[in-house]
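The residues making up each chain are set out below.
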Amino acid sequence: MTGHHLKKLQLLRHAKADWPRDVADHERPLSGRGHRDAPLAGQWMREHGSIPDFILCSSALRARQTCTWVCKELGDKAPTAKLEDGLYAATPERILSLINHVPETVTSLLVIAHLPGVQDLAMRLASADSDEEAVMEMATRYPTSGLTVMEHALPWAELDGRDARITDFVVRRA
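Definitions and cut-offs
- Residues numbered from 1 in each chain as written.
- Predicted model: local features only at pLDDT ≥ 70, side-chain atom pairs only at ≥ 80, totals over all residues.
- Heavy atoms only, no water.
- Core = buried A, V, L, I, M, F, W, Y, C linked by side-chain atoms within 4.5 Å.
- Buried < 20%, exposed > 50% of the residue type's maximum accessible area, 1.4 Å probe, protein only.
- Contact = heavy atoms within 4.5 Å.
- Phe/Tyr/Trp six-rings, centres within 6.5 Å; stacked < 30°, edge-to-face > 60°.
- Lys NZ or Arg CZ within 6 Å of the ring centre and 35° of its normal.
- Axes fitted to C-alpha atoms, helices over the stretch in contact; angles between N-to-C directions.
- Helix = DSSP H or I, 4+ residues; strand = E, 2+ residues; numbered from the N terminus.
- Parallel < 35°, antiparallel > 145°, perpendicular 65-115°, else oblique.
- Polar contact = N/O pair within 3.5 Å; in protein donor to acceptor, adjacent residues only side chain to side chain.

The biggest cluster of nonpolar side chains holds 29 residues, and the ones touching the most others in it are Leu9, Leu11, Ile99, Leu109 and Val111. Contacts of leucine 11, omitting those with residues within four sequence positions, involve Ile99, Val111, Val118, Leu121, Ala122, Tyr142, Gly146, Leu147, Thr148 and Met150. Cys57, Leu110, Ile112 and Val170 belong to the second-largest nonpolar core, a separate cluster that totals 16 residues.

This structure, assessed with the given rule, holds one aromatic pair. Note that arginine 28 overlies the ring of tryptophan 19, its terminal NZ or CZ placed 3.4 Å from the centroid.

One can describe the packing of helix α3 (residues 92–100) onto helix α4 (residues 117–125) by two numbers: an axis separation of 8 Å at closest approach and a directional angle of 70°. On the basis of the axis angle, α3 is roughly perpendicular to α4. Only Gly117, Val118, Asp120, Leu121, Arg124 and Leu125 of α4 make contact with α3, whose side of the interface consists of Pro92, Glu93, Ile95, Leu96 and Ile99.

Turning to α3, a few remarks are in order. Residues of α3 that are buried: Pro92, Ile95, Leu96, Leu98, Ile99 and Asn100. In this fold, the buried residues of α3 make contact with β1 (7–13), β2 (54–58), β3 (81–84), β4 (108–113) and α4.

This paragraph deals with unusual backbone geometry. Backbone torsion omega between leucine 115 and proline 116 reads -5°, so that peptide bond is classified as cis. On the secondary structure map, proline 116 appears in the loop between β4 and α4. You will see that aspartate 22, though not glycine, has its phi angle at about 55°, which is positive. With respect to the helices and strands, the residue aspartate 22 is situated in the loop between β1 and α1 (32–47). The backbone of alanine 89 sits at a positive phi, close to 55°, despite the residue not being glycine.

If you trace the backbone, serine 130 turns up in the loop between α4 and α5 (132–140). The spacing of serine 130 and glutamate 47 is 83 residues in sequence and 21 Å in space, taken between C-alpha atoms. Among all residues touching serine 130, those that are not within four sequence positions of it are Val135, Ala164, Arg165 and Ile166. Here serine 127 takes part through its backbone oxygen, which lies 2.9 Å from a polar atom of the side chain of serine 130.

The quantities given are spatial measurements derived from coordinates; they are silent on function.
Listed below in structure tokens is the structure:
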């Protein structure tokens with residue numbers, strides 16, 4: 001894989017959500033910790049030159065709020081997010097199907113979604129040359145605000161199993 005042809009895919013689990021009574025799961029907001037942790041993923045992206053040019057975000061409130069915090073940290077470089085109902089409670093296959101339909105003009109994609117889908121998809125995509133420590137940590141636990149960063153040289157439509165090299169698994173807490 002040569003650097004100038006690589007695409008970047010980042011899978012972010014939404015930040016910590018609250019469990020208020022009488023609120024549908026889809027409408028659960030971030031907790032106080034979630035509001036403190038969510039910006040840290042955006043800070044990491046900014047500090048490591050890992051700024052997405054397209055974002056697919058679950059339509060669930062906690063994912064939308066996470067996206068807002070990330071974009072605030074990215075500032076002027078933040079792309080407009082596309083809200084995607086299909087990412088809520090999505091299987092890894094459903095998430096991958098949405099990724100497979102991303103335009104080829106996108107070179108860096110951020111997907112903000114939920115467990116177990118993001119973890120299962122990251123494991124499915126992890127190539128043999130992935131960072132072993134990152135893969136082991138991600139396989140063991142994928143906490144809220146967990147971010148998998150991977151790169152691949154394929155068209156989005158062809159991304160499938162073992163096609164992406166995981167470079168980082170980032171967990172930051174406020």
